[in-house]
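Each chain, letter by letter, is given below.
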Amino acid sequence: MYLPPHDPHVDDPMRFKPLFRIHLMERKSATVECMYGHRGPHNGHVQIVKKDEFSTKCNQTDHHRMSGGRQEEFRTWLREEWGRTLEDIFHEHMQELILMKFIYTSQYDNCLTYRRIYLPPSHPDDLIRPGLFKGTYGSHGLEIVMLSFHGKHARGTKITGDPNIPAGQQTVEIDLRRRIHLPDIESLRDFNELSRIVLEVREQVRQEQQQEGGPEDAEGLGRQSPQPCAEPPAEQAKGPGDGGAEAAAEPPAQSGQGQPFVLPVGVSSRNEDYPRTCRMCFYGTGLIAGHGFTSPERTPGVFVLFDEDRFGFIWLELKSFSLYSRVQAAFRNADAPSPQAFEEMLKNIQSLAS
């Protein structure tokens, strides 16, 4: 199992935790051992369900129990998963979410079904290299998101989920045709100014969809990418409150340039160590929902590209900021055999979450 770093250290490497192991014996036989718990390897079982799918089962779940009961198990899990103790967490809502996650994950006792996922295919016109990213999700901690490009849109699909938004759902969607130019740094500190810019773009999107007779174009069919690493030309420097949005097809400025970036006052971030310059920004939407994925809705936000390995998303309605950092771990044999196979995989994992 690959676990994200401890919250909120999004740039730290992934953590590795063995769940089971297989001993290959003579005469084509094998034994399976469950590695879950703290009492050493014990008897387990692996079953091939169908192509690209298998299940594991522990045959000695008593090895997962601890002498101090569930309370000791919870404190040990909290220390390993979150790198802290319950006394360190003062926020009551965060305590509730963490307890929900412990109850949910521990009930399976390493009896799990695994399905293959592919890494997204890349294209020379992609804004950055697609792949897996670690992202901050407020009190939910760090989660893994897959960034992929689909013509005029980019999508972030949750690989790990939480009580609100399960794995498989599109956490963010970015409209690569709708570049947002941020105002000067002092105006950017004003949340109302950023909100005005973003809501203007949302209104443009709504009007265009009405004129086109529906949201068909939102699916991003076809490929039309913005100029990679394009920056606002120096002569287009904005004055106070003069930010806005325009098409991304514009001449790229000198490579390596960036524009100053700061979060507006009132926008919360789990990680204050975010980059203070960005390459470009785009209009996007983020998926929010209540516990149990109730009343899901897409809300407007800003996709902020910092560099090849980091991006962010400002959730306008939540007044929250998520920072994403690329997973650097190498995964062998993970490339999709075709773009169609990757798209099919995305549909499958989303249907499982639904």
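Residues numbered from 1 in each chain as written. Predicted model: local features only at pLDDT ≥ 70, side-chain atom pairs only at ≥ 80, totals over all residues. Heavy atoms only, no water.

Asks: Whenever I open this one, the side chain of R326 confuses me. Can you help?
Replies: Locating R326 in the fold gives a position in strand β19 (residues 320-326). Within the structure, R326 has its side chain in polar contact with the backbone oxygen of R129 (distance 2.7 Å). In this structure R326 touches I128, R129, P130, G131, L132, F133, K134, E308 and D309, once residues within four positions along its chain are discounted. (Helix = DSSP H or I, 4+ residues; strand = E, 2+ residues; numbered from the N terminus. Polar contact = N/O pair within 3.5 Å; in protein donor to acceptor, adjacent residues only side chain to side chain. Contact = heavy atoms within 4.5 Å.)

Asks: Could you clarify how one ought to interpret empty space enclosed by the protein in this entry?
Replies: The gaps of empty space that remain are located by a probe, the size of a water molecule, rolled over the atoms. A complete count under the given rule lists one cavity of 30 Å³ or more for this structure. Residue lining of the largest cavity: F20, V32, E33, C34, G44, H45, T56, K57, C58 and N110, and that is the complete set. At the level of elements, β4 (30-34), β5 (42-50) and β6 (53-58) are the ones that each hand at least two residues to the lining of the largest cavity. (1 Å grid on protein atoms, 1.4 Å probe; cavity = no way out; pocket = protein on both sides within 12 Å on 5 of 7 lines; lining within 4 Å. Points joined across faces, edges and corners; volume = space filled by probe spheres on them.)

Asks: Explanation requested: the confidence of the model for the chain in the structure shown.
Replies: As a general rule, the predicted coordinates of low-pLDDT regions are not to be interpreted in detail. Per-chain confidence: the chain averages 85 in pLDDT, with 87% of residues scoring 70 or above. Scored below 50 in pLDDT, residues 245-256 makes 30 contacts in the model with residues more than four places away or belonging to other chains. (pLDDT = per-residue confidence, 0-100.)

Asks: I would appreciate a short explanation of the sheet that holds strand β7 (residues 112-115) in the present structure.
Replies: Across a sheet, paired strands are connected by hydrogen bonds in the backbone, their directions being either parallel or antiparallel. With antiparallel pairing, the five strands of this open sheet are ordered in space as β3-β4-β5-β6-β7. Each having just a single partner strand, β3 (20-24) and β7 make up the two edges of the open sheet. Direction aside, the axes of adjacent strands within the sheet are offset by 35° on average. (Pairing = 2+ DSSP bridges. Axes fitted to C-alpha atoms, helices over the stretch in contact; angles between N-to-C directions.)

Asks: For this particular structure, what's the right way to read the packing of aromatic side chains?
Replies: Think of a pair of aromatic rings as described by two things: how far the centres are apart, and how the planes are tilted against each other in angle. Taken as a whole and judged by the stated rule, the model has 20 aromatic pairs. Judged by centre distance (6.1 Å) and plane angle (70°), the rings of F20 and F54 are edge-to-face. One end of the pair, F20, is in strand β3; the other, F54, is in strand β6, and 34 residues separate them in sequence. Seen in terms of ring centroids, F20 and Y114 are 6.2 Å apart; in terms of plane orientation they differ by 65°. Their pairing is edge-to-face. Of this pair, F20 sits in strand β3 while Y114 is found in strand β7, placing the two residues 94 residues apart along the sequence. Three or more aromatic residues joined by ring pairs make a cluster, and in this case those are F133, Y137, F303, F311, F313, W315 and Y324. For the cation-ring pair, R276 lies above Y274, with the distance from its terminal atom to the ring centre recorded as 3.8 Å. We note K319 situated over the ring of F191; from NZ or CZ to the ring centre the distance is 4.7 Å. (Phe/Tyr/Trp six-rings, centres within 6.5 Å; stacked < 30°, edge-to-face > 60°. Lys NZ or Arg CZ within 6 Å of the ring centre and 35° of its normal.)

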